[in-house]
Amino acid sequence: MKPIKTNTLISDFDGIARAAILLSSHALVAFPTETVYGLGADARDDTAVARVFQAKGRPQFNPLIVHVADLAAAERIAIFPDQAMRLAQTFWPGPLTLVLPLRDDAGISPLVTAGMNTVAVRVPEHPLAQELLRKFDGPVAAPSANPSGKISPTTAAHVLDGLSGQIEAVLDGGPCPVGIESTIIGVTEHPARLLRPGGLPVEAIEACLGYPLALPDTGGAITAPGQLKSHYAPDAKLRLNADHPRGDEVWLGFGPDAKEAALNLSVTGDLVEAAANLFHHLRAVDALATAGQGIAVSPVPDHGLGRAINDRLSRAAAPRP
Ligand code: TXA
Ligand code: MG
């Protein structure tokens, strides 16, 4: 993609207002939180969220954390079991992310949740993050604002080092006080589970809950939707790299050669558009497929966002347990 100009916004009234307007107009804005800088996009905007993955060069659609200004806003997105409510009331705003059941009417892009029925939510404490979220008045999906595989940024200069030319703006709030990412707790089952250690000590969380946390299944942070139990896979069988459908298949196309397809990820072959459509279209073709029918998926080029799309498609096509 052609590089764009990345503006550095000063953290005064005008800078924050500008950042909020950019978020409302589908742009990507990096902003400070108390942990690290986040790469923000409107969490309801499929295309903006697809661009986050493109800017980071992420080869997989890892689910993203949704940032909101307060608990009331979080309750519009996720369902809070009792223990989650206790954690939220004790530690928010702060460096704690809760993975919770997603509300049906949350309106969050399925790219944010990697098509799952859970969502990671956090209320950051940083005053600039707070002001930005209140002014924007909506949910902001934000991974750490660094290229995939690189170190998380704790200054605006770090953000520019990695993402200059890929994002519209960075809101400069100086160094982040905590400097490591939030602690992530899964509260979709009992006992609550530590998914990633981070800025809020585990001991404080266990003291609040009154019992020891379950440890990660994987021995480390859950980084890919494929490692998660509840990731979305269609009911119909997927056949990948299919130039044409067979008689017993619904065709999910990509590019101008797939004009006859039931649905096309992007008729023009645009990978950002294809990523934005991926989870919606997978669900839609799955619904179209009648019993016994499969889904044929056109080849998707394996570069840029195409790698993440192919990663997700191959997981969806993998044999089910
Ligand atoms: O401090 C932080 O958490 C920073 C700031 C910007 O808020 N954000 C951050 O995001 O570290 P990121 O994308 O680098 O890490 C998010 C982690 C990933 O490991 C992802 O797999 C996990 O959150 N995650 C997100 N949604 C999830 C879900 N529904 N279930 C399990 N894990 C999830
Ligand atoms: Mg990260």
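Residues numbered from 1 in each chain as written. Chains lettered and ligands numbered in written order. Predicted model: local features only at pLDDT ≥ 70, side-chain atom pairs only at ≥ 80, totals over all residues. Heavy atoms only, no water.

## With respect to the overall build of the protein
Rules: Secondary structure counts use DSSP, requiring at least four H or I residues in a row for a helix and at least two E residues in a row for a strand, with both numbered from the N terminus. C-alpha atoms define the radius of gyration, and 2.2 Å times the number of residues to the power 0.38 defines the globule rule. Think of it in three bands: with a 1.4 Å probe and only protein chains considered, a residue is buried below 20% of the maximum accessible area for its type, exposed above 50%, and partly exposed in between. Throughout, a contact is declared for two residues whenever any of their heavy atoms are within 4.5 Å. Here the open area of atoms and residues is found with the Shrake-Rupley method and a 1.4 Å probe, where only the protein chains shown may cover a residue. The positive count covers Lys and Arg only, the negative count covers Asp and Glu only, and His and the chain ends enter neither. The atom standing in for a charge is NZ when the residue is Lys, CZ when it is Arg, CG when it is Asp and CD when it is Glu.
Within the protein, the regular secondary structure consists of nine helices and 14 strands. Taken over the C-alpha trace, the protein has a radius of gyration of 20 Å; the compact-globule value for 321 residues is 20 Å, and the two agree within 12%. Its C-alpha atoms put the protein at 60 × 50 × 30 Å along the principal axes. Evaluated residue by residue, the protein yields a buried proportion of 55% over its 321 residues. Within the protein, counting contacts between residues at least 6 apart in sequence, those at least 24 apart form 67% of the total. On the protein, roughly 13700 Å² of surface is accessible, and the fraction owed to carbon and sulfur atoms is 53%. Where the 26 positive side-chain charges of the protein centre and where its 33 negative ones centre are 3 Å apart.

## A look at the side chain of His-67
As a reminder, the rule being used: Definition of a polar contact: a pair of N or O atoms within 3.5 Å, with one able to donate and the other able to accept a hydrogen when the atoms are protein atoms, and with sequence-neighbouring residues admitted only if both atoms are side-chain atoms.
Relative to the elements of secondary structure, His-67 occurs in strand β4 (residues 65-67). Within the structure, the side chain of His-67 is placed 3.3 Å from the backbone oxygen of Ile-65, a separation counted as a polar contact.

## A closer look at the layout of surface pockets
So the rule is basically this: Site definitions follow a grid-based scheme: protein atoms alone, a 1 Å grid, a 1.4 Å probe that fits but cannot get out for cavities, and for pockets an open set with protein on both sides within 12 Å along at least five of seven lines, plus lining residues having an atom within 4 Å of a point. Grid points are joined across faces, edges and corners, and a volume is the space filled by probe spheres set on the points. Only Asp, Glu, Lys and Arg are considered charged in this grouping, and only Ala, Val, Leu, Ile, Met, Phe, Trp, Tyr, Cys and Pro are considered nonpolar; every other residue, Gly among them, is considered polar.
Taken as a whole, the second largest pocket holds about 270 Å³ of empty space. Taken together, 16 residues form the lining of the second largest pocket, with Ala-73, Arg-76, Asp-137, Gly-138 and Pro-139 sitting closest to its centre. Partitioned by chemical class, the residues of the lining of the second largest pocket number eight nonpolar, one polar and seven charged.

## Describing the confidence of the model for the protein
Atomic detail in the predicted coordinates should be set aside for any region of low pLDDT. This is how the line gets drawn: pLDDT is a per-residue confidence score from the predictor, ranging from 0 to 100.
The share of residues in the protein with pLDDT of 70 or more is 94%, and the mean pLDDT across the chain is 91. Scored below 50 in pLDDT, residues 219-231 shows 30 contacts in the model against residues more than four places distant or in partner chains.

## Looking at the sheet that holds strand β14 (residues 294-297)
Strands pair in a sheet through their backbones, by hydrogen bonds, and they do so in one of two ways: parallel or antiparallel. Note the cut-off: Strands are labelled as partners when DSSP assigns at least two bridges between them. Where helices are involved, their axes are fitted lines through C-alpha atoms of the stretch in contact, as for all axes, and angles between N-to-C directions lie from 0 to 180°.
Strand order in the open sheet formed by four strands is β11-β14-β12-β13, with parallel pairing between adjacent strands. Each end of this open sheet is capped by a strand with a single partner; those strands are β11 (238-239) and β13 (263-264). In terms of strand pairing, strand β12 (residues 249-253) meets β14 through four bridges, oriented parallel. Bridged to Glu-249 within β14 is Gly-294. Contacts between helix α8 (residues 271-288) and the sheet are confined to β11, β12, β13 and β14, with β12 contributing the most and set at about 165° to the helix.

## Remarks on helix α9 (residues 305-317)
Counted only if it meets this: Every helix has an expected span of 1.5 Å times one less than the residues it contains.
With 13 residues, α9 should reach 18 Å at 1.5 Å per residue; the first-to-last C-alpha distance of 18 Å fits that figure. Every buried residue of α9 is listed here: Leu-305, Gly-306, Ala-308, Ile-309, Asn-310, Asp-311, Arg-312, Leu-313 and Ala-316. If you follow the buried residues of α9, they end up packed against α2 (46-56), β11, α8 and β14.

## A short note on the packing of aromatic side chains
How we decide: Any two rings among Phe, Tyr and Trp, with Trp reduced to its six-membered ring, count as a pair given centres within 6.5 Å; such a pair is stacked if its planes are under 30 degrees apart, edge-to-face if over 60, and tilted if neither.
One pass over the full model with this rule turns up three aromatic pairs. With a centroid separation of 4.9 Å and 85° between ring planes, the pair formed by Phe-53 and Phe-61 is classed as edge-to-face. Phe-61 gets classed as buried once you look at its relative accessible area, which sits at 0%. Here the aromatic rings of Phe-61 and Phe-279 are separated by 6.4 Å at their centres, their planes lie at 65°, and the arrangement is edge-to-face.

## Re the nonpolar core
As a reminder, the rule being used: We call a set of buried Ala, Val, Leu, Ile, Met, Phe, Trp, Tyr and Cys residues a nonpolar core when their side-chain atoms join them within 4.5 Å.
Counting 80 residues, the largest nonpolar core has Phe-80, Leu-87, Leu-98 and Ile-185 as the members making the most contacts within it. Per-element accounting of this core gives the leading share, nine residues, to α8. Excluding residues within four positions of it along the chain, Leu-87 makes contact with Trp-92, Leu-96, Leu-98, Ile-185, Val-187, Ile-205, Cys-208 and Leu-209. Within the second largest apolar cluster, 19 residues are counted, among which are Ala-19, Leu-22, Leu-133 and Ala-169.

## Overview of the packing of helix α4 (residues 82-91) against helix α7 (residues 202-209)
Just so we agree on the cut-off: Convention used here: angles under 35 degrees read as roughly parallel, angles over 145 as roughly antiparallel, angles from 65 to 115 as roughly perpendicular, and any remaining angle as oblique. The sense of a crossing depends on the near helix, which, turned anticlockwise from the far helix by less than a right angle, makes the crossing left-handed and, turned clockwise, makes it right-handed.
With their axes 10 Å apart at the nearest point, α4 and α7 run at an angle of 125° to one another. Considering the angle they form, α4 stands oblique to α7. Crossing geometry of α4 relative to α7 is assigned as right-handed. Between α4 and α7, the contacting residues are Gln-83, Arg-86, Leu-87, Thr-90 and Phe-91 on the first element and Ala-204, Ile-205, Cys-208 and Leu-209 on the second. Here the residues of the contact of α4 with α7 sort into six nonpolar, two polar and one charged.

## With respect to the pattern of salt bridges
Here is the rule: Whenever a carboxyl oxygen of Asp or Glu lies within 4 Å of a side-chain nitrogen of Lys or Arg, that contact is scored as a salt bridge.
Under the definition given, this model contains nine salt bridges. Salt-bridge contacts for Arg-239 lead to Glu-249; the nearest nitrogen and oxygen are separated by 2.7 Å. Here Arg-239 is found in strand β11, whereas its partner Glu-249 is found in strand β12, with ten residues between them in sequence. Asp-311 is the partner of Arg-315 in a salt bridge, and the nearest nitrogen-oxygen pair spans 3.0 Å. Within this pair, Arg-315 and its partner Asp-311 are both found in helix α9, separated by four residues, close to a single helical turn.

## A word on the environment of Gly-94
Residue position: Gly-94 is located in the loop between α4 and β5 (96-101). Residues Gly-94 and Gly-173 lie 79 residues apart in sequence; the distance between their C-alpha atoms is 17 Å. Those residues in contact with Gly-94, other than ones at most four positions away along the chain, are Glu-34, Arg-122, Val-123, Pro-124 and Glu-125.

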